[in-house]
Amino acid sequence: MNRRWLLLLGILLAGLSLRLWVSDFAPMELDYDHFYHARIGGHIYEGGHLPAWDDQELGGIPYYYPPGYHIWIALGKAILPGYDYIHVGSILTAIFGTLSILALYILARREIGGDGALVASLLFATLPIAVIRTGLWARPTGLAILLAILAVHALLRSGEGRKWAPLALLAIGAFVLSHSSVIFLICMGLLGAALGRKGEYGRRLLILYASAILLGLLYYARYIPYLNFSMGYTKEHEPAISLGTYLASGTDPSFLLPEFFFLSYLALTSLPLILYGLLLFLKEGRRELAGMVGATILLAFFRYNLLIIYSFLLILALARALVAISRVSIGAKRIRAGWSLSALLLITILSFNLFLVSAFHGERGPLEKYEAIKGVLEEAGLGPEDLVLSNEIVAGHGIAYYSRAGSYLSDLTDVRRWDRHIAVYKELMGEADEKRALKTLEREGIGYLLIIQPNKRGNFLFLNDTDFQPLLEREEGGYTATLFKVP
């Protein structure tokens, strides 16, 4: 094994270690989404097939979510039967995140050379937002990043010969069935086909993307009547004006930490270098890659969901710039002054990365809140005929995970039923009259209310002057979960 492969192995081990260490080698619970992914993975493992219908979300909706990550959870459970589904999903995310470092090295070695590939791998291994979002967290982000890198690599190489076209189609097809962010990749590819090389390569790209779109239509067309194509109640795609605007709006600062880490990293240390790398790609006539990098830079002006998936393209441009700087020489004796400057920039960026990662170390979310909810729901012994509404919208995933009951509302905003349920929720939040509230609850079939305190969205007003008696209550570390049975 030569020195370069030893260095790469060290980078992979460092990347994996950071992803495990950042949450003290235990699964993170930064939001409720991992409950959803773990529960669906469990359905697939126990039933042996993809569910056609999800009875527990929003009172019953079709299973329209991309199934790739959930299938991996089921496969992982078969290999690790002693772990629960959240642990299995978390381990998989960390593995996919580490494999993404290797995949980026393979991509970068072709695009910017062996030295640049090591630089890109090291930067991506320590990138704060990548470390956090591909750590021990049961979400499909790690798989999406891995597939995005593999797809970009195969697409760029598909111009070299037909043998790469099947691999590109395989990567894009897997991406289509694993994460909705593939739409951005397809748009970038179509842009690349328009701006890049003409002839056979351009036609091949168009065929690949047309095939990916066809695959998506064949799988997802049956769900279209149920969807409302909402941008999301969580507003992950709204323009990011400034951090001050976020904080002034009352958003929980702990939720913004990952976003702040990446945006500050981008703005304070790397954006000029990324732009320089983009110019180098243009100068070299690599318009497809330059177009992808440019489109990804624009994502910095939106919330971080898509930016996380495609941040590897920015890292690629950044590494290209550092390699170019390292080769700058001055004077008749060709003094390699650029090497010193490049090394200084790299050390600065790495230090900033590690500082931000260490600042997030130990953050696993409000675990006490989840323990309180778990205790109440498991003790209640609710069944499939029961329907529960919480004052915390996204808690619907936790309700479905910790009980057999259905959740009236969660953050699956893509379905049309959500619009009606969120309207009822807002009506109940503003309703002070108990009798009118009871009529609404009866009409909707809601049999239980799960009240979580403290909750930034407040509480149902009608409970302030009501005779409702708590059925169960549990308090953990400043969080209280109370279950009321609707009379």
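Look above for the structure.
These figures come from a predicted structure and were not determined experimentally.

Trainee: So, the nonpolar core: which residues are in play, and what are the values?
Mentor: Within the largest apolar cluster, 144 residues are counted, with the highest numbers of intra-cluster contacts made by Phe124, Tyr310, Phe312, Leu449, Leu450 and Phe460. No other element matches the 19 residues that helix H4 (residues 85-126) contributes to this core. Those residues in contact with Phe460, other than ones at most four positions away along the chain, are Leu389, Ser390, Asn391, Tyr425, Leu428, Met429, Leu449 and Ile451. With eight residues, the next largest nonpolar core counts Leu18, Ile132, Val357 and Phe360 among its residues.

Trainee: So what about the packing of aromatic side chains? Which residues, and what values?
Mentor: A full pass over the atoms with the stated rule returns 17 aromatic pairs. Where Tyr32 meets Phe35, the ring centres are 6.0 Å apart and the plane angle is 45°; that geometry is what we call tilted. Aromatic pair Phe35 and Tyr401: ring centres 5.2 Å apart, planes at 40°, arrangement tilted. Taken as a pair, Phe35 in helix H2 (residues 33-47) and Tyr401 in helix H16 (residues 396-402) lie far apart in primary sequence, 366 residues in all. Put simply, the rings of Tyr32, Phe35, Tyr370, Tyr401 and Tyr402 pair up and form one aromatic cluster. The ring of Tyr85 is capped by Lys77, whose NZ or CZ atom sits 4.9 Å from the centre of that ring.

Trainee: Report on the sheet that holds strand S5 (residues 448-453), specifying residues and quantitative values.
Mentor: Read across the sheet, five strands follow the order S4-S3-S5-S7-S6 without closing on themselves; strand pairing throughout is mixed. Either end of the sheet is taken by a strand with one partner, and the two such strands are strand S4 (406-407) and strand S6 (470-476). By the bridge criterion, three bridges tie strand S3 (residues 387-390) to S5 in an arrangement that is parallel. The partner of Ser390 across the bridge, within S5, is Leu450. Those strands touched by helix H15 (residues 367-380) are S5, S6 and strand S7 (479-485), and its axis lies near 150° from that of S6.

Trainee: Now, about the side chain of Ser407: what can you tell me, with residues and values included?
Mentor: As for its placement among the helices and strands, Ser407 is situated in strand S4. On the basis of relative accessibility, which here comes to 0%, the residue Ser407 falls in the buried class. Those residues in contact with Ser407, other than ones at most four positions away along the chain, are Gln56, Glu57, Leu58, Gly59, Leu387, Val388, Gly396 and Ile399.

Trainee: How would you explain the pairing of S6 if you had to name every residue and give the values?
Mentor: Sheet topology note: the S6/S7 ladder contains six bridges and is antiparallel. In the sheet register, Pro470 faces S7, and the bridge partner there is Phe484. From the end of S6 to the start of S7, which pair antiparallel, there are two residues, and Gly477 there has a positive phi angle of about 50°.

Trainee: Describe the side chain of His153, and please don't skip the residues or the numbers.
Mentor: Its place among the elements puts His153 in helix H6 (residues 141-157). Discounting chain neighbours no more than four positions away, the residues touching His153 are Ile106, Leu107, Arg110 and Trp164.

Trainee: How would you sum up the packing of H2 against helix H3 (residues 68-79)? Please name residues and give values.
Mentor: Where H2 meets H3, the closest approach of the two axes is 8 Å, and the angle between their N-to-C directions is 65°. When you trace H2 past H3, the crossing you get is right-handed. Contacts between H2 and H3 involve Tyr36, His37, Ala38, Ile40, Gly41, Ile44 and Tyr45 on the former and, on the latter, Tyr69, His70, Ile71, Ile73, Ala74, Lys77 and Ala78. Class assignment of the residues belonging to the contact of H2 with H3 gives a composition of 10 nonpolar, three polar and one charged.

Trainee: Hey, could you go over the environment of Asp31 for me, with residue numbers and the actual values?
Mentor: Structurally, Asp31 is set in the loop between helix H1 (3-21) and H2. When the C-alpha atoms of Asp31 and Gly365 are compared, they prove to be 7.3 Å apart, with 334 residues separating the residues in sequence. The residues touching Asp31, leaving out its near neighbours within four places in the chain, are Trp137, Arg139 and Tyr370. For Asp31, the side chain forms a polar contact with the side chain of Arg139, separated by 2.7 Å.

Rules of the game
Residues numbered from 1 in each chain as written. Predicted model: local features only at pLDDT ≥ 70, side-chain atom pairs only at ≥ 80, totals over all residues. Heavy atoms only, no water. Core = buried A, V, L, I, M, F, W, Y, C linked by side-chain atoms within 4.5 Å. Buried < 20%, exposed > 50% of the residue type's maximum accessible area, 1.4 Å probe, protein only. Helix = DSSP H or I, 4+ residues; strand = E, 2+ residues; numbered from the N terminus. Contact = heavy atoms within 4.5 Å. Phe/Tyr/Trp six-rings, centres within 6.5 Å; stacked < 30°, edge-to-face > 60°. Lys NZ or Arg CZ within 6 Å of the ring centre and 35° of its normal. Pairing = 2+ DSSP bridges. Axes fitted to C-alpha atoms, helices over the stretch in contact; angles between N-to-C directions. Left-handed = near helix turned anticlockwise from the far one by under 90°. Nonpolar A, V, L, I, M, F, W, Y, C, P; charged D, E, K, R; others polar. Polar contact = N/O pair within 3.5 Å; in protein donor to acceptor, adjacent residues only side chain to side chain.

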